Amino acid sequence: MPEHASRKLSLPVLLLYIVAFSLAIICIVPILWMVVTSLKPEGSVIGEIGRRFLPPFTFENYQYIFESAPIVRWTMNSLFVSMVVPILSLINASLAAYALSKINFSYKKIVFWVILSGMMLPGEATIVSLYMVANGLDILDSYYALILPALAGPLGVVIIRQFYDGIPNELVDAAKIDGCGLFKTWWNIFLPLSKPVMAALFIFSFLGTWNDFLWPFLSIQTEELYTLPIGIPFFMSSYNQDETLPMTVNAYASVPIIIVFIFFQKYIVKGITFTGIKG
Amino acid sequence: MNKAPQNQRRKGNHNGVAAIFLTPYFAFFIVFSIVPIFYGLYVSFHKWTLAGKQGFAGLDNYLYAIKDPDFWASLGHTGYFVLLSTPLLILVPFALSLILDAKLKGRTFLRTVYFMPNILSVAVISFVWIFILRSDGLLNTLLREIGILGQEQELFWLDEPKLAWISLVLITTWWTQGFNMIMFLTGLQDIPTDQYEAATIDGANAWKRLVYITLPAMRQLLILITVLTVIASSKVFGQVFLVTKGGPANETRTIIQYIYETGFRSNELGLSTAMSFMFFVMLIVLSFLQFKFFNRKSDQGE
């Protein structure tokens, strides 16, 4: 007990607290700045910094961006794509992972090796040829462009396979005796068991799709098909001098995912752990 | 089949069923991951514009790229960014993970806040920082208020090459360090606490515990994260493209931006894919290190 008390009061511990919370301020001030600026009357200048964080606040910037750009449409696009991509890619990935983990077939090792090397492929370096392939398939400037290429990522397959490997083969045999085919076994046993992994991968894929910039920026021309991230620069060029409107669009695109993050942090942390260490 | 190991006694090969399970994923993997590589290679041997193929070019595109000073300059900028950002992207998240592992009060709050920038889109962070860093922005105003800059002084964070690099590296560190931090934190939490307790009884102070217990235990993870970070930083594009647009005077233009501009602005898709392919090979070599490490790691895990 005395050990504990002295630890609380000691100078190094106090310093550690000061450092820890100062760093927290550095991390969060740009985000807070974005949010408070979005709540300031249009055309506000900086003046005294402290004043920015005090009232008067107004929502008229939000009203303005809704009136001047199809931002509702962009939000729906972002939401739609960010839901569809994780759902489809998790179904596909878990099916493939099941085959790789529990079904015997020829050249299994090679097939897995190909997927694993897929993780090394630097997508950014082949983005021009991806554009040309998408052009050849005639899917540019459509929802297909936003969704289909995103289903090619191998990370999900590798992680889910690892998880399935941990499920005993006896479970498959037992299900077989009970008359379950392979597909039913996957659906009734493996999918429910892998919920934690799937949840982590889902959130991860959702955030990644919501935030993606380079590919939507290249592949989408029609304004109605914009996702929020590529809508932001569009806004910037039109209102260059004023800080409040661009910050409003930024805040609008970020607040939903900040909320998702705060509620589902646990899964995001797990997702990172999978990619880095357990992957 | 002809080897027929014992573990196949229960079942033979189920190629048909396996194909059904594998096809939905593999169709996309092949079309959007594998085909672009070979198609890009094919295009790179031709003169090719947005209008289509203009004729065979042999190695011309590659020879042109090798002689193009802008290609090497952009590669150099990317390399420079990797050199500047990697140490920060290791040290900062490592320090933060040590803070989080110190069992302070409010550490859940701290973890949330340290990680939060990481979940924002590159478009968002870029435009937030453009406004913070512009000449009459938050940072200069703050520096004037606390007296580091004189009342009439201002720093051109985005318009002066050296400052622009510093800005880009700091923005990137602020934005992406959270990912590495979580990986480090997981590693720290895997170190058995009795090792620390034993060392403390033996009179080791915090510094000695860090050097003799924490660092050796984290060696593998440190290597892995360094490799991952170098590869991720080599692919830097979005924040530079949006914040400085490669400027001033192309001084911060990265290789991915140059490939993009060659293809879509200069309409030289053949040349652009040739550059892509050269960069691709460089990254594969880099990634190979990661792959070897990764393989060893997962063998241990199983």
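Located above this text is the structure these notes cover.
Residues numbered from 1 in each chain as written. Chains lettered and ligands numbered in written order. Predicted model: local features only at pLDDT ≥ 70, side-chain atom pairs only at ≥ 80, totals over all residues. Heavy atoms only, no water.

**Q** I'd like a rundown of the overall build of chain A, residues and numbers included.
**A** When you go through chain A residue by residue, the secondary structure sums to 15 helices and zero strands. Taking all 279 residues of chain A together, 52% fall into the buried category. If you take every contact in chain A between residues at least 6 apart in sequence, the share linking residues at least 24 apart comes to 72%. When the accessible surface of chain A is summed, it comes to about 12800 Å², and 69% of that surface belongs to carbon and sulfur atoms. (Helix = DSSP H or I, 4+ residues; strand = E, 2+ residues; numbered from the N terminus. Buried < 20%, exposed > 50% of the residue type's maximum accessible area, 1.4 Å probe, protein only. Contact = heavy atoms within 4.5 Å. Areas by Shrake-Rupley, 256 points an atom, 1.4 Å probe, with all protein chains shown as cover.)

**Q** Give a detailed account of the overall build of chain B, specifying residues and quantitative values.
**A** Secondary structure assignment for chain B yields 13 helices and two strands. A compact globule built from 302 residues would reach a C-alpha radius of gyration of about 19 Å, whereas chain B, at 25 Å, exceeds it by more than 25%. Considered along the principal axes of its C-alpha atoms, chain B spans approximately 75 × 70 × 30 Å. Burial status across chain B gives 52% buried among its 302 residues. Here the analysis covers contacts within chain B between residues at least 6 apart in sequence; of these, 67% occur between residues at least 24 apart. Taken as two groups, the 24 positive and 19 negative side-chain charges of chain B have centres that lie 12 Å from each other. (Rg over C-alpha atoms; globule rule 2.2 N^0.38 Å. Lys, Arg positive; Asp, Glu negative; His and termini not counted. Charge placed at Lys NZ, Arg CZ, Asp CG, Glu CD.)

**Q** Describe helix α9 (residues 206–217) of chain B, with residues and values.
**A** Residue and element names in this part refer to chain B. The terminal C-alpha atoms of α9 lie 15 Å apart, and with twelve residues this matches the ideal 16 Å at 1.5 Å per residue to within 8%. Within α9, burial applies to Leu210, Ile213 and Thr214. Burial along α9 is one-sided: seen end-on, the buried residues are contained in an arc of 125 degrees. α9 presents Trp207 and Tyr212 as exposed residues on the side facing more than 90 degrees away from its buried surface. (Expected span 1.5 Å × (residues − 1). Arc of directions from axis to C-beta.)

**Q** I'd love a proper account of a nonpolar patch on the surface, names of residues and values included.
**A** Residue and element names in this part refer to chain A. A cluster of nonpolar side chains, Phe66, Val72, Met76, Leu79, Met83, Ile87 and Ile91, forms an exposed patch at the surface whose accessible area comes to about 580 Å². Tallying contributions element by element places helix α5 (residues 71–102) first for the nonpolar patch, with six residues. Within the secondary structure, isoleucine 91 is located in helix α5. A residue is classified by how much of its surface remains accessible, and isoleucine 91, at 39% relative accessible area, is partly exposed. (Patch = residues over 30% accessible without salt bridge, like charges linked within 9 Å, V, L, I, M, F, W, Y side chains within 5 Å. Salt bridge = Lys/Arg side-chain N within 4 Å of Asp/Glu carboxyl O.)

**Q** Any chance you could break down the interface of chain A and chain B for me, citing the residues and the numbers?
**A** The partner chain B presents 92 residues to the 101 residues of chain A that form the contact. When residues of chain A are sorted by the area they lose upon contact with chain B, Asn104, Met120 and Met132 of chain A head the list and together hold 8% of the total. One can count two salt bridges joining chain A with chain B. Notably, a salt bridge pairs glutamate 243 of chain A with arginine 134 of chain B, separated by 3.8 Å at the nearest N-O pair. Taken together, the links from chain A to chain B amount to 14 residue pairs in polar contact (both at pLDDT 80 or more). When its residues are assigned to classes, the side of chain A that touches chain B shows 71 nonpolar, 20 polar and ten charged. (Buried area = accessible area lost by both parts, 1.4 Å probe. Polar contact = N/O pair within 3.5 Å; in protein donor to acceptor, adjacent residues only side chain to side chain. Nonpolar A, V, L, I, M, F, W, Y, C, P; charged D, E, K, R; others polar.)

**Q** How would you summarise the packing of α5 of chain A against helix α12 (residues 195–211) of chain A if you had to cite specific residues and measurements?
**A** Residue and element names in this part refer to chain A. With their axes 8 Å apart at the nearest point, α5 and α12 run at an angle of 140 degrees to one another. When the interaxial angle is binned, α5 and α12 end up oblique. Judged by the sense of rotation from one axis to the other, the crossing of α5 with α12 is right-handed. Of the residues in α12, those in contact with Ser78, Leu79, Val81, Ser82, Met83, Val85, Pro86, Ile87, Ser89, Leu90 and Ser94 of α5 are Met198, Leu201, Phe202, Ser205, Phe206, Thr209 and Trp210. (Axes fitted to C-alpha atoms, helices over the stretch in contact; angles between N-to-C directions. Parallel < 35°, antiparallel > 145°, perpendicular 65-115°, else oblique. Left-handed = near helix turned anticlockwise from the far one by under 90°.)

**Q** For the pairing of strand β1 (residues 46–49) of chain B, give the residues involved together with the corresponding values.
**A** Residue and element names in this part refer to chain B. Note that β1 and strand β2 (residues 52–56) share four bridges and pair antiparallel. Within the sheet, the bridge partner assigned to histidine 46 lies in β2 and is phenylalanine 56. The hairpin turn running from β1 into β2, its antiparallel successor, is two residues long. (Pairing = 2+ DSSP bridges.)

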